[in-house]
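Reading the structure
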Amino acid sequence: MDRVALRGLKARGHHGVFPKEREEGQTFIVDLVLGLDTRPAAATDDLARTVHYGVVAEEVVEVVTGEPVDLIETLAERIAQRCLKHEGVQEVEVVVHKPDAPITVPFDDVTITITRSRA
């Protein structure tokens, strides 16, 4: 299986369990790795035979900026399911970064990584 990766998609969302997170929002960063067979597209040089990563990026931002959820696990699952709606995508790895998580000690990032497939 071939891989198409999108790294560092940024959007402001209102996800989290604390009222301040829901009210003020924060930046979420998403990395994706889409698993698909790119040979048909390469053989024909036809965008319609692969995944349009620009469209995928816009859809991921829609999910992040959309309906709030408590957990980044839920957010990652919603993103994965949206990616799998694209016909050629057989598998997706989603990493959701929450660099401004409400943690009281110094830290660089909080992430959740999930992998989902059609099977």
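Reading the values: rules and limits
Residues numbered from 1 in each chain as written. Predicted model: local features only at pLDDT ≥ 70, side-chain atom pairs only at ≥ 80, totals over all residues. Heavy atoms only, no water. Helix = DSSP H or I, 4+ residues; strand = E, 2+ residues; numbered from the N terminus. Buried < 20%, exposed > 50% of the residue type's maximum accessible area, 1.4 Å probe, protein only. Contact = heavy atoms within 4.5 Å. Areas by Shrake-Rupley, 256 points an atom, 1.4 Å probe, with all protein chains shown as cover. Lys, Arg positive; Asp, Glu negative; His and termini not counted. Charge placed at Lys NZ, Arg CZ, Asp CG, Glu CD. UniProt positions renumbered as here; feature names shortened; annotations may be inferred. Pairing = 2+ DSSP bridges. Axes fitted to C-alpha atoms, helices over the stretch in contact; angles between N-to-C directions. Salt bridge = Lys/Arg side-chain N within 4 Å of Asp/Glu carboxyl O.

Let us look at the overall build of the chain. A tally of helices and strands in the chain yields four helices and four strands. Listed by position from the N terminus, the elements making up the chain come as β-α-β-α-α-α-β-β. Seen through its C-alpha atoms, the chain measures out along the principal axes to roughly 50 × 25 × 25 Å. The buried share among the 119 residues of the chain stands at 39%. When contacts within the chain are restricted to residue pairs at least 6 apart in sequence, those whose partners lie at least 24 apart make up 61%. For the chain, the accessible area works out to roughly 7,000 Å², and carbon and sulfur atoms hold 50% of it. Here the chain contributes 14 positively and 21 negatively charged side chains, and the mean placements of these two sets differ by 2 Å.

The UniProt record annotates "domain: Dihydroneopterin aldolase/epimerase" (unreviewed entry) at residues 4–116. Annotated as 34% helix and 30% strand, the span residues 4–116 places its first and last C-alpha atoms 15 Å apart.

Time to look at the sheet that holds strand 3 (residues 91–97). Spatial ordering of the open sheet is given by 1-2-3-4, a layout of four strands whose pairing is antiparallel. Every other strand in the sheet has two partners, leaving strand 1 (2–13) and strand 4 (111–117) as the edge strands with one partner each. The average angle at which neighbouring strand axes cross in this sheet is 15°, direction not considered. Here strand 3 pairs with strand 4 via seven bridges, running antiparallel. Bridge pairing in strand 4 places glutamate 91 opposite serine 117. Relative to strand 1, helix 3 (residues 53–65) is tilted by about 35°, and along the sheet it contacts strand 1 and strand 2 (26–36). Strands in contact with helix 4 (residues 72–84) are strand 2, strand 3 and strand 4; relative to strand 4, the strand with the most contacts, it is inclined by about 35°.

Even without a glycine there, the phi angle at aspartate 45 is positive, about 55°. By secondary structure assignment, the location of aspartate 45 is in the loop between helix 2 (39–44) and helix 3. Residue aspartate 45 is classed as exposed on the basis of its relative accessible area of 75%.

To continue, consider the pattern of salt bridges. For the structure on display, the rule yields seven salt bridges. For the salt bridge of aspartate 70 with arginine 22, the shortest nitrogen-to-oxygen distance reads 2.5 Å. Taken as a pair, aspartate 70 in the loop between helix 3 and helix 4 and arginine 22 in helix 1 (residues 19–24) lie far apart in primary sequence, 48 residues in all. Arginine 82 is paired through a salt bridge with glutamate 59; the nearest N and O atoms lie 3.9 Å apart. Taken together, the residues span a long stretch of sequence, with arginine 82 in helix 4 and glutamate 59 in helix 3 at a distance of 23 residues. A relative accessible area of 16% means that glutamate 59 is categorised as buried.

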